[in-house]
Amino acid sequence: MKLPSAEEMRSLDQCAINEYHIPGIVLMENAGLGTVRMMENELGPAANSFALIFIGPGNNGGDGLVIGRHLHQRGCEPIFFFLVDPDLLKGDAAANMAIVRKLRLPFHVIDSKARVQALPVLYKQFVSRGKPCYAIVDALFGTGLGRPVTDQFLETIKLINDSELLHGIPVVAVDIASGMDSDNGKILGVCIHADYTATYACAKPGHILHHGPESTGELHVIDIGIPPEALARAKITTELLDQDAATSLVSPLRRRIDSVHKGSHGHLAVLAGSIGKTGAATLAVKGALRTGSGLVSLFTPKTLNTLFEIMLVEAMTIPVPSSAPFLGINDLIPIKQGLDGKSGVILGPGMGTEQATAELILELYESVTLPMVLDADALNILAENSGSLGVAGGPRIFTPHPGEMARLLGCTTKEVQEDRMRAAQEACRIYSKKRSDCIMILKGAGTIITSSGGSTFINASGNPGMATGGMGDVLTGIIGGLLCQGFGCEEASAAGVFLHGLAGDSLYQQHGFGYTATELADRLPQCINSILHPVS
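Residues numbered from 1 in each chain as written. Predicted model: local features only at pLDDT ≥ 70, side-chain atom pairs only at ≥ 80, totals over all residues. Heavy atoms only, no water.

Chemist: Quick question: what am I supposed to make of the pairing of strand β17 (residues 456-459) here?
Modeler: The two faces of the sheet receive side chains in turn, since in a regular strand these alternate between them. Of the two faces of β17, the one holding T456 and I458 and the one holding F457 and N459 are both buried throughout. In terms of strand pairing, strand β8 (residues 238-241) meets β17 through four bridges, oriented parallel. The residue of β17 that forms the bridge with L240 is I458. Note: strand β16 (residues 448-451) against β17, three bridges, orientation antiparallel. Among the inter-strand pairings, I448 is bridged to a residue of β17, identified as I458. In this structure, the hairpin formed by β16 and β17 is closed by a connection of four residues, where G454 is found at a positive phi of approximately 110 degrees. (Buried < 20%, exposed > 50% of the residue type's maximum accessible area, 1.4 Å probe, protein only. Helix = DSSP H or I, 4+ residues; strand = E, 2+ residues; numbered from the N terminus. Pairing = 2+ DSSP bridges.)

Next comes the structure, spelled out in structure tokens:
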């Protein structure tokens, strides 16, 4: 599912209007009618009731006028509240206002705080007529809002959210909950808490990101008649990573034939683990094996080799001669020799940040031509040396959590979380360093995968039960395992993130929270099979 930004959505509307000659007022009519049909499906018949419809200054308000008219057609009395002078409406919104006037539908202007505060008195008058309130319709602001909500708009949103009088009345947001930034889900001071959102043509990033899901409620995408040809031509760079998208991404795993052997599905090199952090290496290896990687070899300090031999019976270990309990620059030659014939590399989980380790990571980052998944300590070392970091030797996939992303960008975790998509895209731009094969994965709720080629995915799988140690190590292993099976960097990243979340969802449905990263890794084959061979 494509997720257009506000600017991309404007371009899509204009394409339908200017190139396919579909008048804007027709799109507005389709939007309003589609919203009312959704309301009937969710709320039941609208007859013998009234609805409160809050109208803002732009086309979102015009959509609200159409909604009110179609509710009127169904025997529901629409009562419009204009937060601006209705005579100031323009274009298609003004045309629909003219129809409302002709029909003599009731409206009130609440263009000041004092008038907003008088609304409860009006509401009691409406209720006294003996009809129930069918719904509150939020048609204040659409996808173009980019400034904090103030004045009568602020007071109205607070009233809708907090008034005891209005409690329990379904709130329907038009396109997006007013007060939300549609590009990133950030709340612009205050935001409508909708029970349902009817969005037009496509869902928006804000519905998925940050506080978006909390304010959006149940999301319905309404077809407003934008031709599929226009959607196909649109340069929409962000996509929801849902079951449909994942099915397409994972499809190469179907190609296994009866005559394959372990060498047919890649050989992953894992550089991970140190004293006290052996679990990170173990989980990364398990993630790769459970995703179907043919062979996995773990480079380990000689002093830890016996431990890994016992813990990882399906993987191979390559003990390096260093006597230290961590990998370091003195191990460079045997490591580079051991990378010969490998399909991909994992670098970082549990490696530590000793000076010798940092020198090794920086050298491997710049010199190894194999695709490389970077996590944990590798990310922190790259961040500390970002000013002097050279061009990567090959394709690179970064997998930071918000704290690691903050270090990569030199900002705070709060700043990262306020606009996660911008943070991921900016980090990708900085660390791509003239390469077109850099991927940045910002982990967390709604994990973001963005590439130096310009595309972005927002993940739909995953749950709060995954907020426990080791989950990121398993994700790193999954992505490395897919790389070794012939997936491109972007495809391995997106498919890996979705599968990781899907396995977590499967466990969450069964147990609730409290499952472990090891259990998640073990659930992967079942989840892959469910995508490749869905039960009809």
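Chemist: Where do I start with the side chain of D138 in this structure?
Modeler: In this fold, D138 is placed in strand β4 (residues 133-139). Notably, D138 is buried but unbridged: the nearest opposite-charge side chain belongs to R147, and the N-O separation is 12 Å. At 2.5 Å, the side chain of D138 and the side chain of S178 are in polar contact. Look past the residues within four positions of D138 in its chain and what remains in contact with it is F54, N60, V172, A173, V174, I176, A177, S178 and I192. (Lys, Arg positive; Asp, Glu negative; His and termini not counted. Salt bridge = Lys/Arg side-chain N within 4 Å of Asp/Glu carboxyl O. Polar contact = N/O pair within 3.5 Å; in protein donor to acceptor, adjacent residues only side chain to side chain. Contact = heavy atoms within 4.5 Å.)

Chemist: Would you explain the sheet that holds strand β11 (residues 316-320) in this entry?
Modeler: Whether parallel or antiparallel, the strands of a sheet pair through hydrogen bonds between backbone atoms. Here 10 strands make up an open sheet; going across it, the order is β8-β17-β16-β15-β14-β13-β12-β9-β10-β11 and the pairing mixed. The open sheet terminates on both sides in strands that have one partner only, identified here as β8 and β11. Strand-to-strand twist of the sheet, defined as the mean angle between neighbouring strand axes without regard to direction, takes the value 20 degrees. Along the sheet face, helix α12 (residues 278-290) touches β9 (267-271) and β10 (295-301) and points at about 170 degrees away from the line of β10. Running over the sheet, helix α16 (residues 377-384) touches β12 (344-347), β13 (372-374) and β14 (396-398) and is turned about 85 degrees from β13. (Axes fitted to C-alpha atoms, helices over the stretch in contact; angles between N-to-C directions.)

Chemist: Looking at this structure, I do not really get the packing of aromatic side chains. What am I missing?
Modeler: One pair of aromatic rings is described through two measures. These are the centre distance and the angle between the planes. Counted according to the given criterion, the structure contains nine aromatic pairs. Measuring from centroid to centroid gives 5.4 Å for F82 and F107, while their planes differ by 85 degrees, and the two rings are edge-to-face. Of this pair, F82 sits in strand β2 (residues 76-82) while F107 is found in strand β3 (residues 107-109), placing the two residues 25 residues apart along the sequence. Judged by its relative accessible area of 0%, F82 is buried. Between the aromatic rings of Y365 and F398, the centroid separation amounts to 6.3 Å while the plane-to-plane angle is 70 degrees, which identifies the pairing as edge-to-face. Of this pair, Y365 sits in helix α15 (residues 355-367) while F398 is found in strand β14, placing the two residues 33 residues apart along the sequence. Exposure class is identical for Y365 and F398. Each is buried. One aromatic cluster in this structure is built from F50, F54, F81, Y123 and F126. (Phe/Tyr/Trp six-rings, centres within 6.5 Å; stacked < 30°, edge-to-face > 60°.)

Chemist: In this structure, what is going on with the pairing of strand β6 (residues 196-200)? I would like to understand it.
Modeler: For β6, the buried fraction is high: five of the five residues fall into the buried class. A two-sided burial pattern is seen for β6, the buried positions comprising Y196, A198 and Y200 on one face and T197 and T199 on the other. Inspection of the sheet shows strand β5 (residues 171-174) paired to β6 by three bridges, in the parallel sense. Residue pairing across strands places V174 opposite A198, the latter belonging to β6. Pairing between β6 and strand β7 (residues 218-222): five bridges, direction parallel. The residue bridging T197 from the neighbouring strand is L219, located in β7.

Chemist: Would you mind showing me how to read helix α3 (residues 59-73) here?
Modeler: For an α-helix, 3.6 residues make a turn, and residues three or four places apart therefore share a direction. The first and last C-alpha atoms of α3 sit 21 Å apart over 15 residues, in line with the 21 Å expected at 1.5 Å per residue. Among the 15 residues of α3, 12 are classified as buried, and the element is accordingly described as predominantly covered. Those residues of α3 that fall on the buried side of the exposure criterion are N60, G61, G62, D63, G64, L65, V66, I67, G68, R69, H70 and L71. One or two steps after α3, the chain reaches G75, where phi turns positive at roughly 90 degrees. (Expected span 1.5 Å × (residues − 1).)

Chemist: What am I meant to see in the environment of R74 here?
Modeler: Looking at the secondary structure, you find R74 in the loop between α3 and β2. In the structure, R74 is positioned 15 residues away from L89 in sequence and 26 Å away in space, judged by C-alpha atoms. What R74 contacts, discounting residues up to four positions off in sequence, is L33, V36, R37, E40, A46 and A47. For R74, the side chain forms a polar contact with the side chain of E40, separated by 3.1 Å.

Chemist: Teacher, can you tell me more about the nonpolar core here?
Modeler: Generally speaking, soluble globular proteins have nonpolar side chains that are buried together. Core analysis: the largest hydrophobic core is formed by 55 residues, its most contacted members being L241, V270, I397, V474, L482 and L520. Top contributing element to this core by residue count: helix α21 (residues 489-511), with 10 residues. The contact partners of V270, leaving out residues within four places of it in the chain, are V285, V296, S297, L298, F299 and I346. L332, Y365, L409 and I458 belong to the second-largest nonpolar core, a separate cluster that totals 49 residues. (Core = buried A, V, L, I, M, F, W, Y, C linked by side-chain atoms within 4.5 Å.)

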